[in-house]
Amino acid sequence: FSHTAELADARSTEAAAEMPIRVFTTPDTPIPEVQLLSNGRYHVMVTNAGGGYSRWNDLAVTRWREDGLRDNRGSFCYIREVASGTVWSTAFQPTLRRADHYEAIFSEGRAEFRRRDSLGSVPGSGEGEFETYTEIVVSPEDDIELRRVRITNDSRTRRVIEVTSYAEVVLAPPAADALHPAFSNLFVQTEVLHPQPAILCTRRPRSRDEHSPWMFHLMVVRGADCGAVSYETDRMRFIGRGRTVAAPE
């Protein structure tokens, strides 16, 4: 028994030392490639197309369904160039817009996405191109996930862009949400905090003994002038009738 334990320890140490960096240059793999990030309590799963989930202990923070074909659930970030109206996302999901260059990089404790998009110009010319770099990590100390997005304008023109984050809040066990998602939505409440703009979410307790979970979502802009911040916590009003997260209203 002790010999087996020594071998197991040696193998785990060797595996940790040889943690590979996985690079995917396309979101179209036969099955979704995934990266798991966790501090033991807060868990994030992200695929090479940008889908995934966030969970805290046994609660689903965001809505997710196991679907290897569509992979269209998760925490997303839209980018819109105001002058042209062109919309894309920091990963392939959810807009499904093809990038001129795309990489999903999975390494120990981190997921990264790199993409380059041209706005009506010749790909590779640099004129009208945007480069988007995204890092996703989970804090080892606090139960929080951090998503840092760096957007570079490689054109000779000053441009105004809109950045919009999107996720479906659950704050309930995944099985309960999968059985009755519409009923589950009825108990989620949101409010906007001031002066630091943030969205605070909670779930109304259904009994006196139930403890309400809380979460917050905050976006901070650095290195650029920021205009007015807007919010929409009604999923139907954001997506629109007959539309999807690929092209919300």
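Parameters and conventions
- Along every chain, residues carry numbers that run from 1 in the direction the sequence is written.
- Since the coordinates come from a predicted model, pLDDT governs what is reported: local features require at least 70, and pairs of side-chain atoms require 80 or more to be given and counted, while whole-chain, interface and lining totals use all residues.
- The basis for every side-chain value is the complete set of non-hydrogen atoms in the structure, without hydrogens or water.
- Exposure above 30% relative accessible area and no salt bridge define the residues that can form patches, which grow by joining like charges within 9 Å and nonpolar side chains of Val, Leu, Ile, Met, Phe, Trp and Tyr within 5 Å.
- The Shrake-Rupley method, run with a 1.4 Å probe sphere, supplies the accessible areas, and residue values consider only the shown protein chains as cover.
- Salt bridge criterion: a side-chain nitrogen from Lys or Arg within 4 Å of a carboxyl oxygen from Asp or Glu.
- The cut-offs for exposure are 20% and 50% of the maximum accessible area for each residue type, with area from a 1.4 Å probe on protein chains only; residues under the lower value are buried, those over the upper are exposed, and the others partly exposed.
- Strand pairing requires that DSSP identify at least two bridges connecting the strands.
- Secondary structure counts use DSSP, requiring at least four H or I residues in a row for a helix and at least two E residues in a row for a strand, with both numbered from the N terminus.
- The angle between two axes is taken between their N-to-C directions and runs from 0 to 180 degrees, where each axis is a line fitted to C-alpha atoms and a helix contributes only its stretch in contact.

J.: What is the right way to read a nonpolar patch on the surface from this model?
T.: Together, V163, M219 and V221 make up a nonpolar patch on the protein surface, roughly 220 Å² of accessible area in all. Under the relative-accessibility criterion, V163 is labelled partly exposed at 34%.

J.: Would you explain the sheet that holds strand 14 (residues 188-193) in this entry?
T.: Consider a sheet: its strands pair through backbone hydrogen bonds, and that pairing is either parallel or antiparallel. Strands sit in the order 14-15-16 across an open sheet of three strands; the sheet is antiparallel. Looking at which strands have only one partner, the edges of the open sheet turn out to be strand 14 and strand 16 (214-217). Each strand of the sheet is rotated relative to its neighbour by a mean of 25°, with strand direction disregarded. With four bridges joining them, strand 15 (residues 198-203) and strand 16 adopt antiparallel strand pairing. Among the inter-strand pairings, L200 is bridged to a residue of strand 16, identified as F216.

J.: Would you mind showing me how to read unusual backbone geometry here?
T.: A negative phi angle characterises most non-glycine residues, just as the trans form characterises most peptide bonds. Omega for the peptide link from Q93 to P94 comes to 5°, which places this bond in the cis form. One can find P94 in the loop between strand 7 (86-89) and strand 8 (101-107). Residue P195 is reached from H194 by a cis peptide bond, and omega for that bond is 5°. Of note, P195 is situated in the loop between strand 14 and strand 15. Positioned with a positive phi, L171 is a non-glycine residue whose angle comes to about 55°. Here L171 shows up in strand 13 (residues 169-172).

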